[in-house]
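Geometric and topological summary
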Amino acid sequence: MKPLSYVQVRTAREAIEAFVAAGDSARYIAGGTNLYDLMKLGIEKPAHLIDIADLDGANRIDTDGDRLFFGGAALMADVAEHPVVRDAYPVLAESLSKAASQQLRNMATVGGNLLQRTRCPYFRNGANGVYPCNKREPGSGCAAIGGLDRSQAVLGASAACNAVSPGDWPVALMAMDAAIELQGLGGTRVIPISELYWPPSRTPHLEFTIGREEIVTGISVPKTAAGRNSTYLKVRDRESYAFALVSAAVALEMDGDRVRQAHVALGGVATVPWRARPAEALLRGETLDRERALEAARAAFAEARAGRHNAFKIELGVRTLADAIITAGSKSQ
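Computed from a prediction, not measured in an experiment: that's the story for all the values here. (Residues numbered from 1 in each chain as written. Predicted model: local features only at pLDDT ≥ 70, side-chain atom pairs only at ≥ 80, totals over all residues. Heavy atoms only, no water.)

1. Considerations on unusual backbone geometry
Trans is the common state for peptide bonds, and a negative phi is the common state for residues other than glycine. Convention followed: The way it works is that DSSP assigns letters per residue, a run of H or I at least four long becomes a helix, a run of E at least two long becomes a strand, and they are numbered from the N terminus. The cut-offs for exposure are 20% and 50% of the maximum accessible area for each residue type, with area from a 1.4 Å probe on protein chains only; residues under the lower value are buried, those over the upper are exposed, and the others partly exposed.
The phi dihedral of Ala-100 is positive, around 60°, even though this residue is not glycine. Position of Ala-100 among the secondary structure elements: in the loop between helix H5 (90–97) and helix H6 (102–105). The exposure class assigned to Ala-100 is partly exposed, which follows from its relative accessible area of 30%. Of note in this structure, Asp-177 is not a glycine but carries a positive phi near 60°.

2. Topic: the domain arrangement of the protein chain
The criterion, for reference: As annotated, the domain borders come from an automatic or database domain assignment. Whether two residues are in contact is decided by their heavy atoms, any of which lying within 4.5 Å being enough. Here the quantity called buried area is the accessible surface, traced with a 1.4 Å probe, that two parts lose on coming together, added over both. What counts as a salt bridge is simple: a side-chain nitrogen of Lys or Arg found within 4 Å of a carboxyl oxygen of Asp or Glu. Identification of polar contacts relies on pairs of N or O atoms within 3.5 Å, with a donor-acceptor requirement for protein atoms, meaning one able to donate a hydrogen and the other able to accept it, and with residues adjacent in sequence counted only if both atoms are side-chain atoms. Residue polarity is assigned by list, with Asp, Glu, Lys and Arg as charged and Ala, Val, Leu, Ile, Met, Phe, Trp, Tyr, Cys and Pro as nonpolar; anything else, Gly included, falls into the polar class.
If you check the domain split of the protein chain, you get domain 1 (5–54) and domain 2 (56–332). Facing the 26 residues of domain 1 at the interface are 21 residues of domain 2. Both faces combined, the contact of domain 1 with domain 2 buries some 1,900 Å², and carbon together with sulfur accounts for 58% of it. When the buried area of domain 1 at its contact with domain 2 is split by residue, Ile-16, Thr-33 and Ile-43 rank highest and sum to 24% of it. Taken together, domain 1 and domain 2 are joined by three salt bridges. Taking the shortest distance from any N to any O, the salt bridge between Asp-24 and Arg-212 comes out at 3.6 Å. Joining domain 1 to domain 2, the criterion identifies six residue pairs in polar contact (both at pLDDT 80 or more). Taken together, the elements giving at least two residues each to the side of domain 1 that touches domain 2 come down to helix H1 (12–22), strand S2 (26–29) and helix H2 (35–40). Tallying contributions element by element places H1 first for the side of domain 1 that touches domain 2, with six residues. Of the residues contributing to the side of domain 1 that touches domain 2, the split by class is 13 nonpolar, six polar and seven charged.

3. What to know about the layout of surface pockets
The test is simple: Lining residues are defined by having an atom within 4 Å of a point belonging to a cavity or pocket. Those points lie on a 1 Å grid over the protein atoms alone, cavities being sets where a 1.4 Å probe fits but cannot get out and pockets being open sets with protein on both sides within 12 Å along at least five of seven lines. Grid points are joined across faces, edges and corners, and a volume is the space filled by probe spheres set on the points.
What the second largest pocket holds in volume is close to 370 Å³. Lining of the second largest pocket is provided by 21 residues; of these, Arg-119, Ser-151, Phe-243, Ala-244 and Leu-245 occupy positions nearest its centre. Residue classes in the lining of the second largest pocket are distributed as eight nonpolar, seven polar and six charged.

4. Some details on the pattern of salt bridges
A side chain of one charge can pair with a side chain of the opposite charge if their charged atoms are brought near each other. Taken as a whole and assessed by the stated rule, the structure comprises 22 salt bridges. Among the ionic pairs, Glu-253 bridges to Arg-260, the shortest N-O distance being 3.1 Å. Classification of Glu-253 by relative accessible area gives partly exposed; the value is 21%. When the shortest N-O distance is used, the salt bridge between Asp-323 and Arg-290 registers 2.6 Å. A residue pair is termed long-range when its members are at least 10 positions apart, and Asp-323 in helix H12 (residues 312–330) and Arg-290 in helix H11 (residues 290–300) qualify at 33 residues. Taken together, the salt bridges that share partners define one network made up of Arg-27, Glu-44, Arg-117, Lys-135 and Glu-207.

5. Describing the packing of aromatic side chains
Worth spelling out the cut-off: Side-chain rings of Phe, Tyr and Trp, where Trp is taken by its six-membered ring, are said to pair if the distance between their centres is within 6.5 Å; with planes under 30 degrees apart they count as stacked, over 60 as edge-to-face, and otherwise as tilted.
Going through the model one piece at a time under the given rule, you end up with four aromatic pairs. Their ring planes at 65° and their centres at 5.8 Å tell us that Phe-70 and Trp-169 sit as a pair that is edge-to-face. Highlighted residues: Phe-70 in strand S5 (residues 67–71) and Trp-169 in helix H9 (residues 169–175), separated in sequence by 99 residues. Across this residue pair, the class does not change: Phe-70 and Trp-169 are buried.

6. Some words on empty space enclosed by the protein
Over the atoms rolls a probe the size of a water molecule, and in doing so it shows where empty space is left. Enumeration according to the criterion identifies three cavities of 30 Å³ or more in this entry. Estimates place the volume of the largest cavity at around 140 Å³. Forming the walls of the largest cavity are 16 residues, and the residues nearest its centre are Lys-135, Ser-165, Glu-207, Thr-271 and Val-272. Reported here for the second largest cavity is a volume of approximately 80 Å³. In terms of lining, the second largest cavity is formed by 15 residues, of which the most central are Cys-120, Cys-133, Cys-142, Cys-161 and Ala-163.

7. Here's the deal with the side chain of Lys-135
Tracing the backbone through its elements, the reader meets Lys-135 in the loop between helix H8 (121–125) and H9. Among the residues examined, Lys-135 registers a relative accessible area of 13% and is labelled buried. Within the structure, Lys-135 has its side chain in polar contact with the backbone oxygen of Pro-204 (distance 3.2 Å). Within the structure, Lys-135 has its side chain in polar contact with the side chain of Glu-207 (distance 3.0 Å). Once residues lying within four places of it in the same chain are set aside, the contact partners of Lys-135 are Arg-117, Thr-118, Phe-123, Cys-161, Ala-163, Pro-204, His-205 and Glu-207.

Laid out in structure tokens, this is it:
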């Protein structure tokens with residue numbers, strides 16, 4: 001057993017001050033569903049845990065006004081089951097309800113979910129030094145490149161890393177143009193979710209653009225008519241409790257059978273939650289049918305590059321995205 005300190009705090013300021021005072025060996029904890037896992041694997045070795053699950057107002061869910069707002073410590077289960085989210089923004093509810101098990105969703109927070117570490121097997125199984133991993137040990141190399149890469153990315157990979165971004169919720173938020181509220185030493189700032197994730201480039205150990213002491217205090221989503229015509233489609237090796245091989249978040253603003261505006265993002269195939277702008281452009285202003293959906297989906301994967309074992313993800317991704325587009329469009333009828 002390795003000793004560690006644990007403290008509960010009630011305000012973000014208290015949390016940040018405790019984190020800074022503890023130094024590099026400090027970690028925030030809320031639900032703990034990712035951090036405990038990494039501690040058991042020997043990847044994370046904190047000496048100080050700062051519990052932010054009960055920060056004042058941190059579990060707030062507010063659906064009034066022109067935006068949805070979710071406190072960083074709101075539970076995944078609570079957000080997924082909220083009637084406004086469930087009925088008017090199915091892409092958000094479905095992305096949460098298809099993630100993990102009910103027990104985990106009852107513990108895990110929507111803010112913590114944004115900051116999950118990769119499930120790349122070389123990252124998770126190589127803490128004993130058997131497999132090189134640039135995310136775990138910068139500059140050591142990437143065993144997944146040229147290795148067993150069936151689950152790895154076909155979009156956004158670099159020569160240093162091809163690990164897939166693991167979440168479902170961030171993909172739906174990416175499609176819905178969410179903004180992330182962060183609090184740190186310099187106060188509160190808000191960034192688009194598209195700016196939260198670093199692509200791997202040559203520094204894949206730098207995954208998030210937030211400061212070490214910053215806390216995700218809120219997530220806001222613009223209210224849009226596209227919310228009702230939305231879906232999150234997830235394809236995996238087994239029906240439940242598995243990460244996506246491919247997933248697609250689609251929200252469409254429709255005018256009859258014509259697409260007025262499209263929001264499309266992909267998961268399970270890219271190194272970050274992936275906004276599919278080419279697909280959106282091909283859908284916008286067009287009559288929606290199966291052929292148009294397939295054309296848009298092929299455009300989304302036009303720059304995909306397969307490794308040794310994951311070429312199947314490209315065709316699977318095209319068909320999954322096309323199905324999600326048709327499903328989202330059919331909700332307007």
